[in-house]
Structures are given as C-alpha cells and as structure tokens.
Amino acid sequence: MKRALLLSTAICLGASAQAKAAEMAEVLDTYANIAEAAFGDSLTTAKTLQASVDAFVAEPSAENLQAARAAWLASRVPYQQTEVYRFGNAIVDDWEGKVNAWPLDEGLIDYVDGGYGGPSDENEHAVLNVVANPGFTLSGKEIDASEITPKLLAETLHEADGIEANVATGYHAIEFLLWGQDLNGHSAGAGNRSYTDYIQGDACTGGNCDRRAAYLTAATALLVSDLEWMTAQWADGGAGRTALGESEAAGISTMLTGMGSLSYGEQAGERMRLGLMLNDPEEEHDCFSDNTHNSHYYDGLGVQNVYLGEYVRVDGTLVSGPSLSDLVASADAGLDTEMKTKLSTTMMSLGRIKSAAEAGFAYDQMLEQGNTAGEALVMGGVNGLIDQTKTIERIVAKLEIEQIEFEGSDSLDNPTAVFE
Amino acid sequence: MMIRSLTALAFTLLPLAVAAQDHQATNHAVIDEHILPAFETFANATEALKTAAQADCSARSPELLQAYHTGFDAWIAVSHLRFGPTEVEDRAFALAFWPDKKGFTPKSLTGLIKVQNPDGLDPQAFKHVSIAARGFFALEFMLYDEAIAALGAEAYQCALIQTIAADIDANSDAILAEWAGPFSQLMKTPSEDAIYRSESEVTQELFKSLVTGLQFSAEARLGRPLGTFERPRPRRAEARRSERSLRNVVVSLKATRDLAITLAREDEALAVTLGAAFGDSLALAERIKDPAFADLNDPQGRLKVEILQQSVNLLREQLNQTLGPHLGVGEGFNALDGD
C-alpha cells in the first residue's frame, strides 16, 4: 500500500463516541457490500466473456468476434467501478496488476506493426511475441512456451524481467487479442484485427492461429479465476471485508484514500492529463478498443458510488445503505453538499467526453495536438477530478478533528508530549 | 495501472495536534523567504541559459553546458513546489518530463529532427509541441545523447537547442511573474470563497509539497534506478546522460531542508532537529561517488544508494510525525498516488 493512512488509527473511543463508531461501522458495511456486488458483477460479466471467447475460438467468424468484443466492453462497466477500491485496500492493490495492468508493450504477446519499434531502453522484451515463439530466453533462462497455459501467462510471462509494461494477463491483454493494434493514429477507429487471425488451417492470417487461440483462451480463463478470488474476499468473512472491520477510523480512511488517490494521481494525472500533454494516441487507457471514454466515466462513477453509498448492479438492482455522505453531513452539512456538487460536476464532464465519443469524436482524436475542443473536453474531466480531491482533503481534515475530539488526550493539551 | 511499489513505507500517523502556532506568519515566511527567492534564482538561471544557447549552440560549448547545469540545479530547487503557477498551462510538465517510461523524449525529438519540423524553430509554435520534446530532459538529450547527435542536421539541431532554451526561459518567467504578483497575494489572503479557504489550507499545501518532494526523490530518483536487488536498473537513473542523478537528489534535499526549517520556524528545537536529520541524509549522499548511479550492479555501490533511500523515507516519516502535527496538517493527496 503506497498511501499512508490519512486518519488516525490509534483512537481510543470514549463512551460518548460509541454511537459514532456504530455509525461508521454501518458505512463500512455499505462500502464492503458495494465491493462484493461490483466484483461479483465483474465476475459474472467475465464469465459471459469467457463463453463468447470459447464460441469464437471454436468457430471463428466476424459475428462471433463481434460478440466477444461486445462481451468484453460490457465486462468493463462493472470492473471500472471497482477501481476506487484499489488504493487504500492492500488486498486489491496487490492483486489488480494481474487483471488491469496498463500501459503494455503488446509486442510481448503477438505480432505488431513495423512502426511499433523494437526492444527499448526500458524493455528488451517489448517485441518478444509469445504467440509466434514456442521457446525463448527470459532473464537468462530458457523458457518452454510450447503450451500456452494460464500458469505460463501468470507465473512466467506477466511482468517478465520485472518490467511492468510486460503485461501478459488481464483485460488489456485480452483487448489486444480481440482488437489488435489501433493503427489509425489520431483518426477515428479502433484496432481492426480480423477474425481470420483465429482460423485453424490454411486460411489463418497473422500466423500461429492455434497459439493465438490458446493465448486468448488461457488469458480469459485466468481473468475469471482472478475475479472469483477477489469476489470471495468481499463475502462475509472475506479478507477484504474483515480488514475494514479492524478499526472504524482506518476503514473510513481507506474509503477516502481510494477516492482521492484514484481521482487525483491516477485518473486526472496519469490517465488523462499526461496523454493530452504528450499528444500520443496510444496514451489512452483502452487504446485497442477505443473504449477510453467509458473507462474514465465508470472510474468516476465508482468514486461517486463510494461517497453516496449506492451502486446499480448489472441486473439493475440497487445496492445501498448508510453512506460516507451521511457521516459527513452529520459533521458538516455544507461540506457534504460541496462534495456532492463536485462529484456531480465531474460526472457531467466525464459524461460529455463519453457522449462526444459515442457520437463519433474518438478519444484519440481529442488528444491530437491543436485539437482545442478535445483538449477542453478532457481538461473538463481533469479539472473536475482535481477539484473534488480538494474537497476530499477537506473531509479528511474535518473528520480528523472529530476524531481528536473523541480522544481528549495529551495531543490536545500538550501537542509535543505525544512524540516524546 | 502497475502494481504499487512495495518499498513505500506504510506508517501510521499519530493524531494531529491542534496547531498552537501562527499559520499566517509561517505561510508568509515560506512565501517570502523560500519560494520567491528560489523562483527568482530559477528565472535568472534560465535567462542565462537562453543567452548561452544564443551565443553558442554547440553541444560542446563549455558555457552552454555550464548554463545547462546551473539552470537544471535551479529547477530542481523549485521542483517540489508543484502547485499554482507551475501547474498552469502545463508549465512544470513542459520543464521536466520525467520519468519517461516509454521513451517519449527521444521519440519526439527524433520526430522533429528527421523532418526538420518548423515548430522546432519557433518558440511560440513550440508551446504546442508534446511536453516530451520540451524542457530540461529534452535539452539533455540534445546535448548529451549520441543517438540524437548521430541524426545530423546540425543547423536544425542548433536551432532546436536554442528554441528549447528559450521555451524553458519563457516558462520560468511566466511562473515567476505569477508568483511575484497574484499568486503570492492569493496565498497570503485566504478566504471562504477563494482557492485557499483558510491559513491552515495554505499551510497544508506547503507541507504537502515538502513531503511530496521527498517522496519523489525516494521513489523515483532513487527507487527507479535501484529496481530490485536481483535486477537493478541503472539506465533508469534521472538525467544520467549528463551525470546529474545524484546531484538532483542533493539539490532537492537542500531545497526541502530549507522549506522544512522555515515551516518549523515557531519551534526552534524542532527546526534544529529537522535540520540535523536532513544533514544526516546529505552526509549519506556525499558518500556516494557515482554521479549517475551507473554501478548499482555492484553490491557495495548499491548498498550506499539504498541506505540513502531509506534515510529519505525516514525523513518523510519524521516530518509526518513531528512537523505535520506541529502545523496541524496532514499529507493529503499528490500526483504520485497513481502509478
């Protein structure tokens, strides 16, 4: 876990604060319930994806490829809403690289265009091409990749040579295998891999169709099993849920840490602003499928879900309960309104990116140098996220004061005593 | 979304004390004694860099190389102050784009040079070029990278060096102008309907920049080249081509020491303790004789850098446990929270 805890965890609650603790415990219950539901939905939709992939591999056709792509897109909707659980929850943070690592040097997996470049300063395996090579050397070791299995992907290839861009598993590896590279630059259009890349026999394009199919099948199976594991962590007695119960204040801190870290450093910075400043069409999160507008939108929605204590499941049912919003409102109603307003503003800005992209103005077009409309759209999202982080910090400060009031210890009367 | 670094310390904050000190006086002192002089020095140094590039744009010009180093030092000394004027119009990003995990800087520069892109000849047009081709790290490639030099087109490369230097200076002037005028005012007069609502929010911003600066040194400047014991990554060292990797850590430690002491001005004992703690880290840095962290594959060499990293992490922890509570503020969120 990268972030330090923001709120004090060493709090001795007085009798007068028992009610407050109970209220916080209920908020944490809602938080864990949403995690269980959202990871559960990610699992369900990943299983649908797996069924579509199996059907496609068994019978490659344009229609079956399209069905697999549609299943991948649907599976991203609940998963992106879980990203707010990454920061703060060590169990999610330590795991998420397996399923959602990005950006990737896709040449590790399969053939790439000539303009992709070769091995780089950072990564000498950037063009390893496992699909084409049943054997190769990795960090001085001979690797037998004659059979492509989930085990090979997870234990040998993923983050090979300790390099994070060697992404061999997860959503983005599958995305690359379904769409291929997006070679349209700053123009509209996603990756355009042909279904014939999976035809067994003479009609195979791209070479090694059997190994490509084995890779896609293994990567999808691995995604399902990884999501099964994570969903179980949020069931009753699961480690993710249990960790939250250890201290109410630390649990609330985890919620705020996740909201703030995703909003600011990750989404506003790494994923949105950087791509704009580099003017690089591949600096978009779902670059093969051109689904970045949705990726951003549902990340933002996840932050709002956690604050409001509400999540709409993929079957339409609503999971809800006592929320962080309630907790903040009881401490400072004005601050709660401020937070809700800013979350709405962000969602409106992210919604504008989404609606423009769905109407044909692709995210990679927005990133092009000199595209002022695109820049304004993306910066609208960035500014909303930065602004809401400021309010999250105010909430941290506000709740901290509340905590200290419970305590009535040395730290109030004699600030230096605590450190002696 | 890469996996979080596990080297980061997970520490527990003690309850924040109610600040008994005068936020306003502290904030004003930091702005007047730490921030403004550092940005003035930076603006003077980049002016000299621009002039040196105009006079002689050869990558072998001793005057130009000297001006490059002085300018880079001055940037590092303000590089922790990442809020307000540095964040407008992507100025700080355009001054220093690093780490460059996908090699955007050489890629963008090569792209400009190969077609002799006219944007590289005009500082005004250059403002819209990718941040990876701008700033000190781009200039370093132009002055020190053999592959770039081998691209030829000497006249264009010369002009590009001048454009990069002029662009750096324009950014630095713009930052100083805002700091010297409206932004200092804004930070000195917080109010309910302004960006900073209270003196305490201003102090939090200043404290955050201090600990974030140290976090960046520990995780990026030191952590990236360190890699793991089995697989060190010396080629990831910051500004290794001009052998500034260690120097950047030292300059940043000195600058953040100045900020820490100014923030602790109302508690003399604390200021002395913190000054000594920074002194310990600086002494550890002095023991390292390898300016570009090139010999991290050697266990002895590696150990010294690792010890320095630990010491910077401890400094940050110490600040969070002493200075933060003294000021009544927490660390907050920063740009390093992502990947």
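Chemist: How would you explain the overall build of chain B if you had to name every residue and give the values?
Modeler: Counting secondary structure elements, chain B contains 13 helices and zero strands. Starting at the N terminus and walking to the C terminus, you meet the elements of chain B as α-α-α-α-α-α-α-α-α-α-α-α-α. Against the 2.2 N^0.38 benchmark of 20 Å for 339 residues, chain B shows a C-alpha radius of gyration of 20 Å, consistent with a compact globule. Expressed along its principal axes, the backbone C-alpha trace of chain B runs to roughly 60 × 50 × 35 Å. Across the 339 residues of chain B, 50% fall into the buried class. Counted over contacts in chain B with a minimum sequence separation of 6, partners at least 24 positions apart contribute 78%.

Chemist: Outline the overall build of chain A, supporting the account with residue identities and numerical values.
Modeler: Counting secondary structure elements, chain A contains 14 helices and four strands. Its C-alpha atoms give chain A a radius of gyration of 23 Å, near enough to 22 Å, the size a compact globule of 420 residues would have. Seen through its C-alpha atoms, chain A measures out along the principal axes to roughly 80 × 45 × 45 Å. Residues counted as buried form 54% of the 420 residues belonging to chain A. Looking at chain A alone, contacts between residues at least 24 apart form 73% of all its contacts between residues at least 6 apart.

Chemist: Talk me through helix α5 (residues 171-179) of chain A; I want residue IDs and the actual numbers.
Modeler: All names here are of chain A. In terms of burial, α5 is largely enclosed, as nine of its nine residues are buried. Against α2 (62-81), α3 (90-100) and α6 (209-233) lie the buried residues of α5. Just downstream of α5 lies Gly180, where phi reads positive at about 80°.

Chemist: Go over the environment of Glu338 of chain A, please, and point to the residues and values.
Modeler: Checked against the element boundaries, Glu338 of chain A lands in helix α11 (residues 333-358). Here the alpha-carbon distance between Glu338 of chain A and Gln388 of chain A, two residues 50 residues apart in the chain, equals 8.8 Å.

Chemist: I'd like a rundown of unusual backbone geometry, residues and numbers included.
Modeler: Pro103 of chain A follows Trp102 of chain A through a cis peptide bond whose omega is -5°. Residue position: Pro103 of chain A is located in the loop between α3 and β1 (135-138). The linkage connecting Trp98 of chain B with the following residue, Pro99 of chain B, adopts the cis geometry, with an omega of 0°. Within the secondary structure, Pro99 of chain B is located in the loop between α3 (91-95) and α4 (104-114). Positive phi, normally seen in glycine, also occurs at Asp290 of chain A, with a value near 55°. By the element assignment, Asp290 of chain A lies in the loop between α8 (248-278) and α9 (292-308).

Chemist: Before we move on, could you go through the domain arrangement of chain B and cite the residues and values that matter?
Modeler: All names here are of chain B. Per the domain assignment, the segments making up chain B are domain 1 (24-189) and domain 2 (193-332). Centre-to-centre, using C-alpha coordinates, domain 1 lies 22 Å away from domain 2. On the side of domain 2, 30 residues touch domain 1, which itself brings 26 residues to the contact. Only α1 (23-55), α2 (62-76), α6 (135-144) and α8 (154-188) provide two or more residues apiece to the side of domain 1 that touches domain 2. The element contributing the most residues to the side of domain 1 that touches domain 2 is α1, with eight residues.

Chemist: Give a description of the confidence of the model for chain A that names residues and reports values.
Modeler: Caution applies to low-pLDDT regions: their predicted coordinates should not be interpreted in detail. All names here are of chain A. Per-chain confidence: chain A averages 89 in pLDDT, with 90% of residues scoring 70 or above. Within the model, the stretch residues 1-6 combines pLDDT values under 50 with 27 contacts to residues more than four positions away or in other chains. Per-residue pLDDT stays below 50 along residues 8-15; that stretch engages in 22 contacts with residues further than four places along the chain or on separate chains.

Chemist: Quick one: what's the story with the nonpolar core, residue by residue and with numbers?
Modeler: In a soluble, globular protein the nonpolar side chains are often hidden away together inside. Of all hydrophobic cores here, the largest spans 109 residues; its most connected members are Phe39, Trp75, Leu139, Met142, Leu210, Ala260 and Leu263 of chain B. No other element matches α8 of chain B, which puts 11 residues into this core. Structurally, this core is a two-domain feature, drawing no fewer than three residues from each of domain 1 (24-189) and domain 2 (193-332) of chain B. Every residue in contact with Leu263 of chain B, bar those within four places of it in the chain, is listed here: Thr26, Val30, Leu206, Phe207, Leu210, Leu323 and Leu327 of chain B. Within the second largest apolar cluster, 89 residues are counted, among which are Leu104, Ile163, Ala190 and Tyr311 of chain A.

Chemist: Residues and numbers for the pairing of β1 of chain A, please.
Modeler: Residue and element names in this part refer to chain A. For β1 and strand β2 (residues 141-144), the ladder comprises four bridges, and the chain directions are antiparallel. Bridged to Phe136 within β2 is Ile143. Here β1 folds back onto β2, and the loop between the two strands holds two residues, one of which, Ser139, carries a positive phi near 50°.

Chemist: For the packing of α1 of chain B against α2 of chain B, give the residues involved together with the corresponding values.
Modeler: Residue and element names in this part refer to chain B. It is the contact of α1 with α2, at a shortest axis distance of 8 Å, that shows an interaxial angle of 160°. Here α2 runs roughly antiparallel to α1, going by the angle between their axes. Crossing angle aside, the handedness with which α1 passes α2 is left-handed. Of the residues in α2, those touching α1 at Thr41, Phe42, Ala45, Thr46, Ala48, Leu49, Ala52, Ala53 and Ala55 are Glu63, Leu64, Ala67, Tyr68, Thr70, Gly71, Ala74 and Trp75. By residue class, the composition of the contact of α1 with α2 is 12 nonpolar, four polar and one charged.

Chemist: Give me helix α12 (residues 299-321) of chain B: which residues, what numbers.
Modeler: The periodicity of an α-helix, 3.6 residues per turn, causes residues three or four places apart in sequence to face the same way. For α12 of chain B, with 23 residues, the first-to-last C-alpha span of 32 Å sits near the 33 Å given by 1.5 Å per residue. Those residues of α12 of chain B hidden inside the fold are in contact with α9 (199-226), α10 (245-263), α11 (268-286) and α13 (323-327) of chain B.

Chemist: Tell me about the packing of α4 of chain B against α6 of chain B, residues and numbers included.
Modeler: Residues and elements named next belong to chain B. Where α4 contacts α6, the axes come no closer than 10 Å and their chain directions differ by 65°. Classed by the angle they form, the pair α4 and α6 counts as roughly perpendicular. Here α4 and α6 pass one another in a crossing that is right-handed. Contact residues: α4 offers Thr105, Pro106 and Leu109, while α6 offers Phe137, Ala138, Phe141 and Met142. Counted by class, the contact of α4 with α6 contains six nonpolar, one polar and no charged residues.

Chemist: Give me the lowdown on the environment of Arg313 of chain A, citing residues and values where you can.
Modeler: Residue and element names in this part refer to chain A. Summarising the element assignment, Arg313 is placed in the loop between β3 (310-312) and β4 (318-320). By C-beta crowding, Arg313 is classed as partly exposed, having 15 other C-beta atoms within 10 Å. Between the alpha carbons of Arg313 and Val77 there is a distance of 10.0 Å; along the sequence they are 236 residues apart. With residues up to four places along the chain from it excluded, the contact list for Arg313 reads Ala37, Asp41 and Val319.

Chemist: Kindly report on the environment of Ala138 of chain B, identifying the contributing residues and their values.
Modeler: Residue and element names in this part refer to chain B. Here Ala138 lies in helix α6. Residue Ala138 is classed as buried on the basis of its C-beta count, with 31 C-beta atoms lying within 10 Å. The sequence separation of Ala138 and Thr105 amounts to 33 residues, and the corresponding C-alpha distance is 6.1 Å.

Chemist: Let's hear about the confidence of the model for chain B: which residues, and what values?
Modeler: All names here are of chain B. In the predicted model, chain B carries a mean pLDDT of 91, and the fraction of residues at 70 or more is 93%. Taken as a whole, residues 1-20 scores under 50 in pLDDT and shows 61 contacts with residues more than four places along the chain or in a different chain. Scored by ipTM, the complex comes to 0.81, with pTM at 0.87.

Analysis parameters
Residues numbered from 1 in each chain as written. Chains lettered and ligands numbered in written order. Predicted model: local features only at pLDDT ≥ 70, side-chain atom pairs only at ≥ 80, totals over all residues. Helix = DSSP H or I, 4+ residues; strand = E, 2+ residues; numbered from the N terminus. Rg over C-alpha atoms; globule rule 2.2 N^0.38 Å. Buried ≥ 20, exposed ≤ 12 C-beta atoms within 10 Å, placed from the backbone. Contact = placed C-beta atoms within 7 Å. Domains from an automatic or database assignment. pLDDT = per-residue confidence, 0-100. Core = buried A, V, L, I, M, F, W, Y, C linked by C-beta atoms within 7 Å. Pairing = 2+ DSSP bridges. Axes fitted to C-alpha atoms, helices over the stretch in contact; angles between N-to-C directions. Parallel < 35°, antiparallel > 145°, perpendicular 65-115°, else oblique. Left-handed = near helix turned anticlockwise from the far one by under 90°. Nonpolar A, V, L, I, M, F, W, Y, C, P; charged D, E, K, R; others polar. Expected span 1.5 Å × (residues − 1).

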